[in-house]
Amino acid sequence: SPMMFTESGKTKLFMLMNYASSISIVMLNKIAYRYGFPSITLTMIHFITTFLGLKLFASLGVFETKSLNVWKVLPLSLSFCGFVVLTNLSLMHNTVGFYQLAKVMTTPTIVFFQTVFYRTRFSKTILISLLVVCVGVAQTTNANAETNPLGLYFAASGVIVTSLYQIWVKTKQQSLEASPFQLLYYQAPLSALILLVIIPFFEPPYGEMGIFSTEWPKEALAAVVGSSITSILVNLSIFLVIGKTSPITYNVLGHFKLVTVILSGVIVFSEVINFPQAIGMITTLMGIFAYTYFKLTEPATSTSTTKTTIPRQVKE
């Protein structure tokens, strides 16, 4: 039980849970997508499963539900659904290389938003290590990066809403005084409902390769069931990790997962990487190790206690 761990131990446990579950769900989703399973529909199924999982956890006494203002949780759900839709539109109108390159910009965008709007202060060593990580990831994902005005708009919008989502996962827990379980208990069904409205426009259930118009093989269905169950751990661990650390730390963890996913693709799916990508992966890992070292050795500083609608100043 996490209750038996120290605060540092809990953080490590949550990060390990996010790392393992995220790698697993990527592998399972790859199998489902190989059979053409619709991605937005799969995300909706994930959130329905997550909500049902949380209902089970609540009934078992793992956490107590808390009444939250739905309108205050709605921006969190909308930002996530915006991320899902814009990601798909970005993939439709950009090359995979540019799509991957755009995702790298999530890290500096979070730094910008937190600095300007949330008065978060980042040390020079942290900023330099993040720069190394971003350069490494950009090199790792280096491919045919081509775009157009519409594709650029979708990619940039996707980066903005993704950044907001990760920041709000942290700030909503604080402002609503809700635990990760309690907040996700509201966000999951809200997101599922929003995606239910969106799906007919992007993935008509009875259209070509729609969820109800296709006879899915057992392998695809097994992958969907597996990824849906795994999504409970993925979604919950995102809230737990960001709640215990910060959006930037979660982002750095995401870059580490990317390197692992690429290596897994080489081992499991016989995918090929070139020499520049290998150098990029090494650079990314160097940046991640530097960030981790500086975070662990950085002295904790006091935070502003000004109680206004403006978020408190914190040291990242």
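To be clear, the structure that these remarks concern was listed above.
A few points on the structure. (Residues numbered from 1 in each chain as written. Predicted model: local features only at pLDDT ≥ 70, side-chain atom pairs only at ≥ 80, totals over all residues. Heavy atoms only, no water.)

This brings us to the overall build of the protein chain. Check the secondary structure of the protein chain and you find eleven helices and zero strands. From first element to last, N terminus to C terminus, the protein chain shows the α and β order α-α-α-α-α-α-α-α-α-α-α. What you see for the protein chain is a C-alpha radius of gyration of 20 Å, in line with the 20 Å of a compact globule of 316 residues. Its C-alpha atoms put the protein chain at 60 × 50 × 40 Å along the principal axes. (Helix = DSSP H or I, 4+ residues; strand = E, 2+ residues; numbered from the N terminus. Rg over C-alpha atoms; globule rule 2.2 N^0.38 Å.)

Right, let's get into the nonpolar core. Within the largest apolar cluster, 43 residues are counted, with the highest numbers of intra-cluster contacts made by Leu68, Val73, Leu183, Leu184, Leu195 and Phe239. When residues of this core are traced back to their parent elements, those giving at least two are helix 1 (7–34), helix 2 (39–59), helix 3 (70–93), helix 7 (149–175), helix 8 (180–202), helix 9 (218–244) and helix 10 (247–268). For this core, the leading source of residues is helix 8, giving twelve residues. Apart from residues no more than four positions distant in its own chain, Leu68 is found in contact with Val73, Leu176, Ala178, Gln182, Leu183 and Tyr186. (Core = buried A, V, L, I, M, F, W, Y, C linked by side-chain atoms within 4.5 Å. Buried < 20%, exposed > 50% of the residue type's maximum accessible area, 1.4 Å probe, protein only. Contact = heavy atoms within 4.5 Å.)

Right, let's get into the side chain of Thr230. Along the polypeptide, Thr230 turns up in helix 9. Looking at Thr230, the relative accessible area reads 14%, which means it is buried. There is a polar contact of 2.7 Å between the side chain of Thr230 and the backbone oxygen of Gly226. Setting aside anything within four residues of it in sequence, one finds Thr230 in contact with Ser21, Ser24, Ile25 and Leu28. (Polar contact = N/O pair within 3.5 Å; in protein donor to acceptor, adjacent residues only side chain to side chain.)

A few words now on the environment of Leu13. Relative to the elements of secondary structure, Leu13 occurs in helix 1. The exposure class assigned to Leu13 is partly exposed, which follows from its relative accessible area of 30%. Sequence-wise, Leu13 and Val241 are 228 residues apart; in three dimensions their C-alpha atoms are separated by 9.1 Å.

Here we come to the environment of Thr43. Along the chain, Thr43 turns up in helix 2. Residues in contact with Thr43, not counting those within four places in the same chain, are Phe80, Val84 and Leu195.

The next point concerns the packing of helix 5 (residues 106–117) against helix 7. The angle between the axes and the distance between the axes are what describe a pair of packed helices. Contact geometry of helix 5 with helix 7 gives a least axis separation of 9 Å together with a crossing angle of 60°. Judged on the interaxial angle alone, helix 7 and helix 5 are oblique. Between helix 5 and helix 7 the crossing geometry is right-handed. Along its contact with helix 5, which presents Thr106, Thr109, Ile110, Phe113 and Gln114, the element helix 7 presents Val159, Ile160, Thr162, Ser163, Leu164, Gln166 and Ile167. (Axes fitted to C-alpha atoms, helices over the stretch in contact; angles between N-to-C directions. Parallel < 35°, antiparallel > 145°, perpendicular 65-115°, else oblique. Left-handed = near helix turned anticlockwise from the far one by under 90°.)

A contiguous nonpolar surface patch, about 440 Å² in accessible area, is contributed by Phe275, Ile279, Ile282 and Met286. Mapped onto the secondary structure, Ile279 falls in helix 11 (residues 275–297). Residue classification places Ile279 among the partly exposed positions, given a relative accessible area of 37%. (Patch = residues over 30% accessible without salt bridge, like charges linked within 9 Å, V, L, I, M, F, W, Y side chains within 5 Å. Areas by Shrake-Rupley, 256 points an atom, 1.4 Å probe, with all protein chains shown as cover. Salt bridge = Lys/Arg side-chain N within 4 Å of Asp/Glu carboxyl O.)

We now examine the packing of aromatic side chains. Scanning the entire structure with this criterion turns up 15 aromatic pairs. Ring geometry for Phe112 and Phe113: centres 5.9 Å apart, planes at 50°, overall tilted. Linked through ring pairs, Phe51, Phe57, Phe63, Phe181, Tyr185 and Tyr186 together constitute an aromatic cluster. (Phe/Tyr/Trp six-rings, centres within 6.5 Å; stacked < 30°, edge-to-face > 60°.)

Another point: helix 5. The end-to-end C-alpha distance of helix 5 is 16 Å, a good match for the 16 Å that twelve residues give at a rise of 1.5 Å each. Among all positions of helix 5, only Thr106, Thr107, Thr109, Ile110, Val111, Phe113 and Gln114 are buried. In the core, the buried residues of helix 5 are packed alongside helix 4 (96–104), helix 6 (124–140), helix 7 and helix 10. (Expected span 1.5 Å × (residues − 1).)

At a minimum axis separation of 10 Å, helix 5 and helix 10 run at an interaxial angle of 175°. Viewed along their axes, helix 5 and helix 10 adopt a mutual orientation that is roughly antiparallel. Between helix 5 and helix 10, the contacting residues are Thr106, Thr107, Ile110, Val111 and Gln114 on the first element and Pro247, Ile248, Asn251 and His255 on the second. Tallied by class, the residues present in the contact of helix 5 with helix 10 amount to four nonpolar, five polar and no charged. (Nonpolar A, V, L, I, M, F, W, Y, C, P; charged D, E, K, R; others polar.)

Turning next to helix 8. Its 23 residues give helix 8 an end-to-end C-alpha distance of 30 Å, which sits within 8% of 33 Å, the value for a rise of 1.5 Å per residue. A maximum bend of about 30° is found in helix 8 at Leu196, where proline Pro200 lies one to four positions downstream. (Bend = angle between axes of the 7 residues up to and from the residue.)

Right, let's get into unusual backbone geometry. A positive phi angle, near 55°, is found at Arg119, a position not held by glycine. With phi around 50°, Glu177 is a residue other than glycine that occupies positive phi space. You can see Glu177 is positioned in the loop between helix 7 and helix 8. The exposure class assigned to Glu177 is exposed, which follows from its relative accessible area of 64%.

Let us now look at the environment of Lys172. Along the chain, the position of Lys172 falls in helix 7. Taking relative accessible area as the criterion, Lys172 reaches 16% and is therefore assigned buried. As for Lys172 and Gly243, which are separated by 71 residues in sequence, their C-alpha atoms are 9.5 Å apart. If we ignore the near neighbours within four places in the chain, the residues touching Lys172 are Lys72, Pro75, Glu177 and Leu183.

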